[in-house]
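Report on the structure
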Amino acid sequence: MSNLLKELSNTIRFISIDAVEKANSGHPGLPMGMADVATILFKYYLKFNPKNPNWINRDRFVLSAGHGSMLLYSLLYLTGYKSISLKDIQNFRQLNSICAGHPEYKKNSGIEATTGPLGQGLSNAVGMAIAEEILKKKFGSSLINHKTYVIASDGDLMEGISHEAMSLAGHLKLKNLIVFFDNNKISIDGSTKLTVSDNYKKRFESYGWSFQEVNGHNEKQISRAIKKTLKSKKPSLISCKTIIGYGSPNKSGKESSHGAALGNKEVQLVRKKLNWKYEPFEIPKNILNEWREIGKKGNLQEKKWNSIYNKKGKKIKDEFTRLINGKLPKNLDKIIEKEKRKFFDSKPTLASRKSSASVLEAVTNNLPELIGGSADLSGSNNTKTKHSTIIKPSNFKGNYIHYGVREHAMAGIMNGMALHGGIIPYGGTFLIFLDYCKPSLRLSAFMGLKVIYIFSHDSIGLGEDGPTHQPIEHLFHLRAIPNLNVFRPADTIETLECWEVALKSSTNPSVIALSRQKLPFITETFSKKNMSRLGAYEIIAKTVPEVTLIASGSEVQIAIDAQKKLENININSKVVSMPCQELFDKQSKEYREKIIDKESMKISIEAGSIFGWEKYVGPNGISLGMKSFGKSAPYKKIYEHFNLTSDNIVKLARKMLKK
């Protein structure tokens, strides 16, 4: 390493060391070990502009090894991002500091993704690389031509999601994706020899990746490897043999430098060994200026890009701007209203998964940013329509991805596409397989991303496939996640309305849970108003209801049937459809009390866990649902077996009212 590069790298090391030391918490080992690789990448190769962190044609830099967050914060501060000041770094891991323990996505900050749960950043990066290829095909390489760079750790590559995501990346030949593997051979428990004997070269070459191995502290080797990736026709992994805690006389190369402050005595020894003569958080002006010059190069790069953009025709610029700014087409409302009228007139009896397919048929051609997919269940989820064109290796002109049996990667990749911008991703699987993708879905909500999850086969109503495939606790599980809308529509109109809300939600993901079995049409009067946006509404009202029946999805019809039977024995009741609890909870107290009558007795019915329904039925109400695993049988027999029937509702209502 030249003296200048050593000084630049050591600046990262000591900002990181000092921040972790001040917080007495954090992970100094990775920033110390990967500082040389990061310095060479940022100085010579990465295309970015700190003055406009949101520039669409910037290279993406994802720190999948999020525990090494001080590496990222140091780089952002040093290169001149306004989002992170030296004071922020001094408040590392403190309340409300942007320099959180693990990177937390914030638009326009330079922090491209929330990482820390290992493997997530890798899958996000695959999504970013796919989004780049899609937009490049749409608008041309003169406007979109950037790379996605990742720093990943041993732990990232141990997580199963890494296999799923990197296998698909190799299949799709994502040549714009470059991963630096921090191969320091240390994990929290000690040497990686305790747990891993993988041949990484064979592993990644089998995926269809190019693989190189370098000394992560050798400037020429690092630079040569990056140059080689720029010409590759495959995704690239560079295994960087580094020393964790580089420069620490007693802790380098050991797990003791991974996840704790080095301690004041050791910090002094590192300063002496690396000849760093400055106080904590002191950065020599000449070195800071050198880093700021590295940051300034992107301003010129963006100016050149702007001159190319400005020469494009109005039609291209308008569509490009619309997509990048996340604006929906102006004619979408008319399309939705037209479909709503069509559905109301035809009153179809359809499984809600097929209703969802009808919605997609109507909107796909007018939403080029809508990129769908399924984890090998396209025909079951009904996520693929006649307007779907398959995205294939080296051909990204399509709008549909076959993810294969890779639910976890699908969710992480969709997050990456949403983070990139210009794309609205949706993906399908069975609701039961939420278990395989929940970590990424949780991060969708945490980052506030517009990602749409289509979960079909949403209850015991799927029937003969049995309890292994019948979700029980899953809806409750989803509803417990903050900033997530969970929809369970009861008919075609509600399905359309739920899709509309999901497409128009800009700061949260959506789950649309759909039935396998056919559902009757329940909407009694046509309304241009989106009733599902209210979360719950009256289907059939009575002036003074003695009983309020609250249901979602396929159980709304059971509640309607029960109401008719109650009417025959002179018991007034009303039926409330509740497609989205989260939206209902946001309504005014006046509206909520109007819909769920305070004076009436209340019964909820949903073919899933009863947890969460108590807040609607109250202490004297009853929640009908599942308290055990399901059964394998025709679905109507299963409903009868678990007493999820209109007759049981009538029986319970009479008992409650003592009639």
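About the cut-offs
- Per-chain numbering applies: the sequence of each chain, read as written, is numbered from 1 onward.
- Local features are withheld for residues below a pLDDT of 70 in this predicted model, meaning they are given only at 70 or higher, and side-chain atom pairs are given and counted only at 80 or more; totals for whole chains, interfaces and linings count all residues.
- Calculated side-chain values reflect all of the structure's heavy atoms, with hydrogen atoms and water omitted.
- Aromatic pairing here means that ring centres of Phe, Tyr or Trp (its six-membered ring) are within 6.5 Å. Orientation follows from the plane angle: under 30 degrees is stacked, over 60 is edge-to-face, and everything else is tilted.
- Runs of E in the DSSP output that reach at least two residues are strands. Runs of H or I that reach at least four are helices, and both are numbered from the N terminus.
- Exposure categories follow from relative accessible area, calculated using a 1.4 Å probe and restricted to protein chains: below 20% of the type maximum is buried, above 50% is exposed, and the middle band is partly exposed.
- Ring-over charges, as used throughout, are those where CZ of Arg or NZ of Lys falls within 6 Å of the ring centre and within 35 degrees of the ring normal.
- Expected span, for any helix, means 1.5 Å times one less than how many residues it has.
- Strand pairing is defined by DSSP finding a minimum of two bridges between the two strands.
- Lines fitted to the C-alpha atoms define the axes, with helices restricted to the stretch that makes contact. Angles between their N-to-C directions range from 0 to 180 degrees.
- The contact criterion used throughout is that any non-hydrogen atoms of two residues lie within 4.5 Å.
- Within this scheme, the nonpolar core is defined by two criteria: the residues are buried Ala, Val, Leu, Ile, Met, Phe, Trp, Tyr or Cys, and they are joined through side-chain atoms within 4.5 Å.
- Only four residue types enter the charge count: Lys and Arg as positive, Asp and Glu as negative, with His and the chain ends excluded.
- Only one rule defines a salt bridge in this text: a Lys or Arg side-chain nitrogen within 4 Å of an Asp or Glu carboxyl oxygen.
- Counted as a polar contact is a pair of N or O atoms within 3.5 Å, where, for protein atoms, one must be capable of donating a hydrogen and the other of accepting one, and residues adjacent in sequence contribute only when both atoms are in side chains.
- Angles are sorted into four bins: roughly parallel if under 35 degrees, roughly antiparallel if over 145, roughly perpendicular if 65 to 115, and oblique for all others.
- Should the near helix be turned anticlockwise from the far one by less than a right angle, the crossing is termed left-handed; should it be turned clockwise, right-handed.
- When residue character is reported, Ala, Val, Leu, Ile, Met, Phe, Trp, Tyr, Cys and Pro are called nonpolar, Asp, Glu, Lys and Arg charged, and the others, Gly included, polar.
- The directions considered for the arc run from the helix axis to the C-beta atoms.
- pLDDT expresses, on a scale from 0 to 100, how confident the predictor is about each individual residue.
- To count toward a patch, a residue needs a relative accessible area over 30% and no salt bridge; like charges are then connected within 9 Å, while nonpolar side chains (Val, Leu, Ile, Met, Phe, Trp, Tyr) are connected within 5 Å.
- To be clear on the numbers: accessible area is Shrake-Rupley with a 1.4 Å probe, and residue cover counts the displayed protein chains and nothing else.
- In this description, the location of a charge corresponds to atom NZ of lysine, CZ of arginine, CG of aspartate or CD of glutamate.

Let's shift gears to the packing of aromatic side chains. Under the defined criterion, the tally for this structure stands at 27 aromatic pairs. Aromatic side chains Trp 305 and Tyr 309 sit 5.5 Å apart centroid to centroid with 10° between the ring planes, which places their arrangement in the stacked category. Taken together, the positions of Trp 305 and Tyr 309, both in helix H11 (residues 285-310) and 4 residues apart, correspond to about one turn of that helix. Comparing Trp 305 with Tyr 309, the two get one shared label, buried. For the ring pair Phe 430 and Phe 433, a centre distance of 5.9 Å and an interplane angle of 15° mean the geometry is stacked. Each member of the pair, Phe 430 as well as Phe 433, is classed as buried. Among the aromatic side chains, those forming a connected cluster through ring pairs are Trp 55, Phe 139, Trp 305, Tyr 309 and Phe 320. Above the plane of the ring of Tyr 77 lies Arg 292, whose end atom (NZ or CZ) is 5.1 Å from the centre. Over the face of the ring belonging to Phe 526 we find Arg 341, whose NZ or CZ atom lies 3.8 Å from the ring centre.

Before going further, it helps to examine helix H5 (residues 120-139). The terminal C-alpha atoms of H5, which comprises 20 residues, lie 28 Å apart, in line with the 28 Å expected from a rise of 1.5 Å per residue. Most of H5 is tucked away: 17 of the 20 residues are buried. Phi for Gly 140, located one or two positions after H5, is positive at around 95°.

Moving on, we come to the sheet that holds strand E7 (residues 236-241). Read from one edge of the open sheet, 5 strands run E1-E2-E3-E7-E6, paired in parallel fashion. Edge positions in the sheet fall to strand E1 (60-63) and strand E6 (210-215), since each has one partner strand and no second. Looking at each pair of strands side by side, their axes are set apart by 20° on average, direction ignored. Bridge count for E1 against strand E2 (residues 148-152) is 4 bridges, and the pairing is parallel. Considered in E2, the bridge of Leu 63 is made with Ile 151. Strand contacts of helix H8 (residues 200-207): strand E3 (177-183), E6 and E7, with the helix running at about 150° to E6, the strand carrying the most contacts.

Another point: the nonpolar core. In this structure, Leu 177, Met 417 and Leu 478 are the most contacted members of the largest nonpolar core, which totals 72 residues. Considering every element that reaches this core, the biggest residue donor is H5, with 10 residues. If sequence neighbours within four positions are ignored, Met 417 has contacts with Gly 127, Met 128, Ile 130, Ala 131, Ile 371, Ile 401, Tyr 403, Ile 423 and Pro 425.

Okay, unusual backbone geometry next. In the Ramachandran plot, Asn 24 falls in the positive-phi region, its phi being about 55° despite a non-glycine side chain. As for its placement among the helices and strands, Asn 24 is situated in the loop between helix H1 (3-23) and helix H2 (29-45). Assessed through its relative accessible area of 61%, Asn 24 is described here as exposed.

For Arg 353, the location among the structural elements is in helix H14 (residues 352-363). In this structure Arg 353 is buried but unpaired, with Asp 458 as the nearest side chain of opposite charge at 9.0 Å. Here Ser 380 takes part through its backbone oxygen, which lies 2.9 Å from a polar atom of the side chain of Arg 353. Among the polar contacts made by the side chain of Arg 353, one reaches the main-chain carbonyl oxygen of Arg 516 at a distance of 3.5 Å.

So, about the sheet that holds strand E18 (residues 573-577). By definition, the strands of a sheet pair up through backbone hydrogen bonds, in either a parallel or an antiparallel sense. Read from one edge of the open sheet, 5 strands run E16-E18-E17-E19-E20, paired in mixed fashion. Looking along the sheet, the strands with just one partner apiece sit at the ends: strand E16 (537-540) and strand E20 (622-626). Here the average twist between neighbouring strands, direction ignored, is 25°. Across 5 bridges, strand E17 (residues 547-551) lies against strand E19 (residues 601-609) in parallel orientation.

A few words on the packing of helix H16 (residues 407-420) against helix H17 (residues 434-447). Where H16 meets H17, the closest approach of the two axes is 6 Å, and the angle between their N-to-C directions is 20°. Between H16 and H17, the interaxial angle falls into the category roughly parallel. Both H16 and H17 take part in a crossing whose hand is left-handed. Taken together, the residues of H17 that come into contact with H16 (itself represented by Glu 407, His 408, Ala 411, Gly 412, Asn 415 and Leu 419) are Tyr 436, Cys 437, Pro 439, Ser 440, Leu 441, Leu 443, Ser 444 and Met 447. Considering only residue class, the contact of H16 with H17 consists of 8 nonpolar, 5 polar and 1 charged.

Quick look at the packing of H5 against helix H7 (residues 160-171) now. If you want to describe how two helices pack, look at the angle between their axes and the distance between the axes. Their axes nearest at 9 Å, the elements H5 and H7 cross at an angle of 20°. Taken together, the axis directions place H5 and H7 in an arrangement best described as roughly parallel. Viewed along their axes, H5 and H7 form a crossing whose handedness is left-handed. Side by side, H5 and H7 meet where Gln 120, Leu 122, Ser 123 and Val 126 of the first sit next to Ile 161, Ser 162, Ala 165, Met 166 and Ala 169 of the second. Among the residues making up the contact of H5 with H7, the classes are represented as 6 nonpolar, 3 polar and no charged.

Bringing the pattern of salt bridges into the picture now. Evaluated as defined, the whole model comprises 28 salt bridges. Residue Lys 314 is joined to Asp 318 by a salt bridge in which the shortest nitrogen-to-oxygen separation is 2.6 Å. Taken as a pair, Lys 314 and Asp 318 lie in helix H12 (residues 314-324) at a separation of 4 residues, close to a single helical turn. For Asp 318, a relative accessible area of 42% translates into the label partly exposed. The residue Lys 504 makes a salt bridge to Glu 500 at a minimum N-O spacing of 2.8 Å. Remark: Glu 500 and Lys 504 occur in helix H19 (residues 492-504); sequence separation between them is 4 residues, near one turn of the helix. Note on Lys 504: relative accessible area 34%, which makes it partly exposed.

This part covers the side chain of Glu 266. Inspection of the secondary structure puts Glu 266 in helix H10 (residues 264-273). One buried charged side chain, Glu 266, makes no salt bridge at all; its nearest oppositely charged neighbour is Lys 251, positioned 6.1 Å away. In this structure the side chain of Glu 266 is engaged in a polar contact, spanning 2.8 Å, whose partner is the backbone nitrogen of Asn 250. When sequence neighbours within four positions are dropped, the list of residues in contact with Glu 266 reads Ser 248, Pro 249, Asn 250 and Lys 251.

Moving on to H12. Restricting attention to buried positions, one finds in H12 the residues Phe 320, Arg 322 and Leu 323. In a view along the axis of H12, the buried residues occupy a sector of 160°, so they form one face of it. Looking at the packing, one finds that the buried side of H12 touches H5 and H11.

Further remarks concern the confidence of the model for the chain. In the predicted model, the chain carries a mean pLDDT of 97, and the fraction of residues at 70 or more is 100%. For the chain, per-element mean pLDDT is lowest for E16, which scores 92, and highest for strand E13 (residues 485-487), which scores 99.

This part covers a positive patch on the surface. Taken together, Lys 220, Arg 224, Lys 227 and Lys 231 make up a surface patch of like positive charges. Tracing the chain through its elements places Lys 227 in helix H9 (residues 219-229).

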